[in-house]
Amino acid sequence: MFIINLTYIVPLEELDQHMAAHVKYLHKYYDKNIFVASGRKVPRKGCIILAMADSKAEVEEIIKEDPFYKHELAEFDITEFLTPQYHPDLKNLLG
């Protein structure tokens, strides 16, 4: 599992011009069962994406498709973590 931590580096007005394309990008990877959850940070200075991928290299390639990456609107940080413990309702997702 990976945490993709985005930190916005441009004004929100500029970021919002690319929001529809970013949401389309998110849906692409939800449909491929790679993205698990995503959402804005509070306060709105970035967002978090949880992803299930085979490697950090795969996540790095996926990030390159994000309009926020392509237009240099955010900085991206990737953290890999293991999930040996999780809520039983997530067994089918993580198992």
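K.L.:
Run through the pairing of strand β2 (residues 35-40), naming residues and quoting values.
P.N.:
As paired strands, β2 and strand β3 (residues 46-51) are joined by five bridges and run antiparallel to one another. Residue G39 lies in a different strand from β3, and its bridge partner there is I48. Hairpin connection of β2 to β3: five residues between the antiparallel strands.

K.L.:
Residues and numbers for helix α3 (residues 56-63), please.
P.N.:
An α-helical segment advances 3.6 residues per turn. Residues three or four places apart therefore align on the same side. Considered for burial, the residues of α3 that qualify are V59, I62 and I63. Seen from one end, α3 has its buried residues packed into an arc of 100°, which puts them on one side. In the core, the buried residues of α3 are packed alongside β1 (2-8), α2 (19-31), β2, α4 (67-70) and β4 (74-80).

K.L.:
Can you tell me about the sheet that holds β2, naming the residues and giving the values?
P.N.:
Strands sit in the order β2-β3-β1-β4 across an open sheet of four strands; the sheet is antiparallel. Strands at the two margins of the open sheet, each flanked by one partner only, are β2 and β4. Between one strand and the next, the sheet's axes are offset by a mean angle of 15°, whatever the strand orientation.

K.L.:
I'd like a rundown of the pattern of salt bridges, residues and numbers included.
P.N.:
Once their charged atoms are close, side chains differing in charge can pair, the charge on each being opposite to the other. Here the structure, examined in full by the defined rule, presents three salt bridges. The salt bridge involving E65 is made with K28; its shortest N-O contact spans 2.8 Å. Note that E65 is positioned in the loop between α3 and α4 and K28 in helix α2, a separation of 37 residues in sequence.

K.L.:
I'd love a proper account of the side chain of H18, names of residues and values included.
P.N.:
Turning to its location among the elements, H18 is positioned in the loop between α1 (12-16) and α2. Its relative accessible area of 18% is what places H18 among the buried residues. Among residues more than four places away in sequence, those in contact with H18 are P67, F68, H71 and L73.

Parameters and conventions
- Residues numbered from 1 in each chain as written.
- Predicted model: local features only at pLDDT ≥ 70, side-chain atom pairs only at ≥ 80, totals over all residues.
- Heavy atoms only, no water.
- Pairing = 2+ DSSP bridges.
- Helix = DSSP H or I, 4+ residues; strand = E, 2+ residues; numbered from the N terminus.
- Buried < 20%, exposed > 50% of the residue type's maximum accessible area, 1.4 Å probe, protein only.
- Arc of directions from axis to C-beta.
- Contact = heavy atoms within 4.5 Å.
- Axes fitted to C-alpha atoms, helices over the stretch in contact; angles between N-to-C directions.
- Salt bridge = Lys/Arg side-chain N within 4 Å of Asp/Glu carboxyl O.

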